[in-house]
Amino acid sequence: MTRTRRTGRAHAPRGGKGAAAATAAVAVLALTAVTTGCEPQAAGSTPSAPAPAPTSARPTEDDAKPGADKPATTPPSASAEPSAPPTSAPPPDPQGKVLMASGAQGKQVRELQARLRQIGHFDRSPTGYYGTVTVASVQSFQGKRGLARTGKADTLTWQKLLGMTHEPTAAELNPPTTRPVAKPDKRCMTGRVICISKNSRSLSWMIDGKVLSSMDVRFGSQYTPTREGTFSVYWKSRHHVSTLYDSPMPYAMFFSGGQAVHYSSDFAARGYNGASHGCVNVRDEGKIASLFAQVHKGDKVVVYG
C-alpha cells in the first residue's frame, strides 16, 4: 500500500509539469497565430489549415490583410453593388427647334405672317410682331397639317409652310393696310396732312393730295372716343409714357389735348379686340417710325367718320 501511495505522489509532479508544458505550448501557438496574421478560432472549433508560404519576394507592407483578397470561388461581380440603369437624354422634340414664338419680332415674323396669309391662315397685313393673333394662326395651320398645335413656329412647321407658299413679294410683306384705304376727305387734299378715317380704320400720310403711306389704326372706346375734326400736330415725343395710365406711347404725335397718334404694342398683339383711351393707335412700328420722322410740328391732322 505504501508503494501505491508513492506511485500516486510520484505521478502528481509529472502531471503538473505536463500541464505546464501544455499551457506553454498553447501560448506559443497562440503567439505564432497572432504574429503570422491568422484569425483566432473560437473555442472548440477545428483549426483551419495553415496559410501557404509566400511564393514571391513581395514586400511585407504589400501583403493583404486576412480576408481582403477575394476568394477564388466567388465570381468577381458577386459582391459588387448593382449599377444604376444609365440615364438617357430626353427625346428630341419631333417637330424640331422653335424658330419663332410669342413676343418675337422682326423680318422673319413678317415673312411668317405673309406666308400664312397666302393660304388663308392670317387675315391681316403682316406686322412683324408675334402676338396672340399670330399664335392662333400658327395653331390653325398646324392643326390642318396634323402637327401639334403649339402655336410656335418650329422647324417642321416652318418647312411645311415654305413648301406650300411662295416667297412673299414686297407688297405682301408691307401692304399699305389690312383694309382698302378710304377715299380721302376733301380737307386732306391740300398741304401736309395726317388723314385718318374711322370707317376704314386707316391712316394716310398725304402731301398735296398724294398718298405717301398708309397704315391700320385703332381708336378709343365709346367711353373714351377719339375726337373728330381738323387739328394740327403741336408736340412730338419719341419715347413718351402716359402720365395718366403709365403706359408707353412711342412715336407720339399729339394733336388734341392728350390724344395723339402713336405706336401701340397692345394693338400689334391683340388687334381690334382692344381699344385706346382716345388716341389713334398704330400697330406697325416700322411705319409709325417712318411717319414720325417725316411729320413736322404744325402739320394738319384730319379725323373723320
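See the structure shown above.
Residues numbered from 1 in each chain as written. Predicted model: local features only at pLDDT ≥ 70, side-chain atom pairs only at ≥ 80, totals over all residues. Heavy atoms only, no water.

1. What to know about unusual backbone geometry
Reasoning step 1: Here Arg201, not a glycine, exhibits a phi torsion of approximately 50 degrees, which is positive.
Reasoning step 2: Mapped onto the fold, Arg201 is located in the loop between β3 (192–197) and β4 (202–207).
Reasoning step 3: In this model, Asp246 sits at a positive phi of 55 degrees, which is unusual for a non-glycine residue.
Reasoning step 4: Of note, Asp246 is situated in the loop between β7 (235–241) and β8 (248–256). (Helix = DSSP H or I, 4+ residues; strand = E, 2+ residues; numbered from the N terminus.)

2. Remarks on helix α2 (residues 107–118)
Given 3.6 residues per helical turn, the α-helix brings residues three or four places apart onto the same face.
Reasoning step 1: Spanning 12 residues, α2 covers 17 Å between terminal C-alpha atoms, matching the ideal 16 Å at 1.5 Å per step.
Reasoning step 2: For α2, the full list of buried residues reads Val109, Arg110, Leu112, Gln113, Ala114, Arg115 and Leu116.
Reasoning step 3: Lining the buried residues of α2 we find β1 (98–100), α3 (132–144), β2 (153–154), α4 (155–164) and α5 (170–173).
Reasoning step 4: Just downstream of α2, Gly120 is the residue with a positive phi angle, here 80 degrees. (Expected span 1.5 Å × (residues − 1). Buried < 20%, exposed > 50% of the residue type's maximum accessible area, 1.4 Å probe, protein only. Contact = heavy atoms within 4.5 Å.)

3. Considering α4
Reasoning step 1: When we look at burial in α4, the residues that qualify are Thr157, Trp158 and Leu161. Looking straight down α4, one finds its buried side chains confined to an arc of 95 degrees; they lie on one side.
Reasoning step 2: Buried residues along α4 sit in contact with β1, α2, α3 and β2.
Reasoning step 3: Two to three positions downstream of the cap, the backbone nitrogen of Leu156 sits 3.3 Å from a side-chain oxygen, assigning the N-cap of α4 to Asp154. (Arc of directions from axis to C-beta. Polar contact = N/O pair within 3.5 Å; in protein donor to acceptor, adjacent residues only side chain to side chain.)

4. Let's talk about the state of the cysteines
Reasoning step 1: Inspection of the entire model under this criterion finds one disulfide.
Reasoning step 2: Between Cys188 and Cys195 runs a disulfide, and the two sulfur atoms are separated by 2.1 Å. Its S-S torsion of about 80 degrees marks the bond between Cys188 and Cys195 as right-handed, since a negative value means left-handed.
Reasoning step 3: Looking at Cys188, the relative accessible area reads 0%, which means it is buried. (Disulfide = S-S within 2.5 Å.)

5. A few points about the environment of Ser214
Reasoning step 1: When you line up the elements, Ser214 lands in strand β5 (residues 210–218).
Reasoning step 2: A residue is classified by how much of its surface remains accessible, and Ser214, at 5% relative accessible area, is buried.
Reasoning step 3: Sequence-wise, Ser214 and Leu203 are 11 residues apart; in three dimensions their C-alpha atoms are separated by 5.4 Å.
Reasoning step 4: A polar side-chain atom of Ser214 sits 3.1 Å from a polar atom in the side chain of Ser204.

6. What to know about the packing of aromatic side chains
Reasoning step 1: Overall, the coordinates contain five aromatic pairs when judged by the stated rule.
Reasoning step 2: Measuring from centroid to centroid gives 6.3 Å for Tyr234 and Phe254, while their planes differ by 50 degrees, and the two rings are tilted. Here Phe254 lies in strand β8 and Tyr234 lies in the loop between β6 (229–232) and β7, a separation of 20 residues in the sequence.
Reasoning step 3: You can call Tyr234 partly exposed: its relative accessible area is 36%.
Reasoning step 4: By relative accessible area, which is 5% here, Phe254 ends up buried.
Reasoning step 5: Aromatic side chains Tyr251 and Phe292 sit 5.7 Å apart centroid to centroid with 70 degrees between the ring planes, which places their arrangement in the edge-to-face category. With a gap of 41 residues between them, Tyr251 in strand β8 and Phe292 in helix α7 (residues 285–294) connect regions that are remote in the sequence.
Reasoning step 6: The exposure class assigned to Tyr251 is buried, which follows from its relative accessible area of 9%.
Reasoning step 7: Since its relative accessible area comes to 13%, Phe292 is described here as buried.
Reasoning step 8: Counting every residue linked through ring pairs, the aromatic cluster contains Tyr234, Trp235 and Phe254. (Phe/Tyr/Trp six-rings, centres within 6.5 Å; stacked < 30°, edge-to-face > 60°.)

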